[in-house]
Amino acid sequence: MEAAPLRAYLVDDEPLAIERLTRLLAAFDNLQIVASATDPAQALEYLNSESKEPIDVLFLDIQMPGLNGFDLLARLKVQPFVIFTTAYDEYALRAFEVNSIDYLVKPIETAQLERALKKLGHLRPVPKPDWQRDSAILLKELAASLRTQQHDYPRRIASRIGERISFLELDEVTHFVAQDKLTYAVVNGHRHCIDQTIAELELRLDPARFLRIHRSALVNIDWIHEVNSWFAGKVILSLKDPQHTQIPVARDRVRSLKSRLGI
């Protein structure tokens, strides 16, 4: 009798990463994607729901705002097998300290998926029954470590114009924006080109001060003046700069924004 397809759930705060992984996994007949989420809090609610069927494997990003991957695992009632997805292979050893099958370094390729799913096929149907009990403390320690791994956040950021490099005080940067394959730090309405991507800045800068509100925008929380609801459930931020800059918030980022601002 042919085995039932693996039931998979995908969690990644990057919508494009979810789309790419979904597209790649569509080539595997022995796997069914039951759902996905870009908000780890939403994923936690779904995975802990007693009304749904259990999943076999969780494809899980490690670095996410609000709850990181280890945070999410620590709060699950039942632990599925995990395949971590990450842009940084420095998390590989941590991934294997928990109930992970494999880790996939972004951009994920088909060969990586084949390797991971082959491993998973040998380990079905369920994780070891004592895994959750033995790993609860470890998961909490890993989650806390991941949240505090950067103790010295930068206070300035470099901007390059030709051969000249200038330094911007991060206190004065209202937001970062990506456009036409370039990233800009905005100070007093003026754009300054920098080398890092928005995703890299999100990992590098103090998460207590800078919040990702769109795949192409990172805002300095201290410069937020108003949060305005718009039509169709959209949210617009108004900044305290002289230009009263307005920035749209992606729908899948609204919950984390409101949580961070306490609204």
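Okay, so let's go over this structure. (Residues numbered from 1 in each chain as written. Predicted model: local features only at pLDDT ≥ 70, side-chain atom pairs only at ≥ 80, totals over all residues. Heavy atoms only, no water.)

## Observations regarding the overall build of the chain
If you tally the helices and strands in the chain, you get 8 helices and 15 strands. Expressed as a percentage of its 263 residues, the buried residues of the chain come to 46%. In the chain, 55% of the contacts between residues at least 6 apart in sequence involve partners at least 24 apart. Carbon and sulfur atoms form 52% of the exposed surface of the chain, whose accessible area is close to 14,400 Å². (Helix = DSSP H or I, 4+ residues; strand = E, 2+ residues; numbered from the N terminus. Buried < 20%, exposed > 50% of the residue type's maximum accessible area, 1.4 Å probe, protein only. Contact = heavy atoms within 4.5 Å. Areas by Shrake-Rupley, 256 points an atom, 1.4 Å probe, with all protein chains shown as cover.)

## Comments concerning the pairing of strand 1 (residues 6-11)
With 6 of 6 residues buried, strand 1 is to be regarded as a mostly interior element. A two-sided burial pattern is seen for strand 1, the buried positions comprising Leu-6, Ala-8 and Leu-10 on one face and Arg-7, Tyr-9 and Val-11 on the other. Note: strand 1 against strand 2 (residues 31-37), 6 bridges, orientation parallel. Counted as the bridge partner of Ala-8 is Ile-33 from strand 2. (Pairing = 2+ DSSP bridges.)

## Considering the nonpolar core
Ranked by internal contacts, the top residues of the largest apolar core, which has 20 residues, are Leu-25, Leu-31, Phe-59, Ile-83, Leu-113 and Leu-117. At the level of elements, strand 1, helix 1 (15-25), strand 3 (57-61), strand 4 (81-86), strand 5 (100-105) and helix 5 (110-123) are the ones that each hand at least two residues to this core. Ignoring sequence-local partners within four residues, the contact set of Leu-31 consists of Pro-5, Leu-6, Ala-8, Leu-25, Val-57, Phe-59 and Leu-117. Val-11, Phe-70, Leu-72 and Leu-76 belong to the second largest nonpolar core, which has 19 residues in total. (Core = buried A, V, L, I, M, F, W, Y, C linked by side-chain atoms within 4.5 Å.)

## Concerning the sheet that holds strand 11 (residues 210-214)
Read across the open sheet, the 5 strands follow the order 10-9-8-12-11; overall the sheet is antiparallel. The two strands at the open ends of the sheet, each matched to only one other strand, are strand 10 (190-194) and strand 11. For this sheet the average axis-to-axis angle between neighbouring strands, irrespective of direction, equals 25°. Judged from the 4 bridges that link them, strand 11 and strand 12 (residues 217-220) form a sheet pairing that is antiparallel. By the bridge assignment for strand 12, Leu-211 is matched with Val-219. (Axes fitted to C-alpha atoms, helices over the stretch in contact; angles between N-to-C directions.)

## Here's the deal with the sheet that holds strand 14 (residues 235-239)
In spatial order, the strands read 13-14-15; together these 3 strands make up an open sheet with antiparallel pairing. Whereas interior strands pair on both sides, the edge strands pair on one side only; in this sheet they are strand 13 (224-229) and strand 15 (246-249). With direction set aside, neighbouring strand axes in the sheet form an average angle of 25°.

## What about helix 2 (residues 40-47)?
Within helix 2, the full set of buried residues consists of Pro-40, Ala-43, Leu-44 and Leu-47. In a view along the axis of helix 2, the buried residues occupy a sector of 100°, so they form one face of it. Tucked inside the fold, the buried residues of helix 2 contact strand 1, strand 2, strand 3 and helix 3 (69-74). Capping the start of helix 2, Asp-39 holds a side-chain oxygen 2.9 Å from the backbone nitrogen of Ala-41, two or three residues further along. (Arc of directions from axis to C-beta. Polar contact = N/O pair within 3.5 Å; in protein donor to acceptor, adjacent residues only side chain to side chain.)

## Considering the side chain of Thr-38
Along the chain, Thr-38 turns up in the loop between strand 2 and helix 2. There is a polar contact of 3.1 Å between the side chain of Thr-38 and the side chain of Asp-252. Excluding anything up to four places from it in sequence, Thr-38 contacts Asp-12, Asp-13, Glu-14, Pro-15, Ile-18 and Asp-252.

## As for the side chain of Ser-216
Summarising the element assignment, Ser-216 is placed in the loop between strand 11 and strand 12. At 3.0 Å, the side chain of Ser-216 forms a polar contact with the side chain of His-214. Setting aside anything within four residues of it in sequence, one finds Ser-216 in contact with Phe-176, Val-177, Ala-178 and Ile-198.

## With respect to the environment of Val-249
Turning to its location among the elements, Val-249 is positioned in strand 15. On the basis of relative accessible area, Val-249 is assigned to the buried category, the value being 5%. Between the C-alpha atom of Val-249 and that of Val-227, which follows or precedes it by 22 residues, the distance is 9.6 Å. Those residues within four positions of Val-249 in sequence are excluded, and the remaining contacts are Ile-213, Val-235, Leu-237, Val-254 and Leu-257.

Nothing here speaks to function; it is all geometry.
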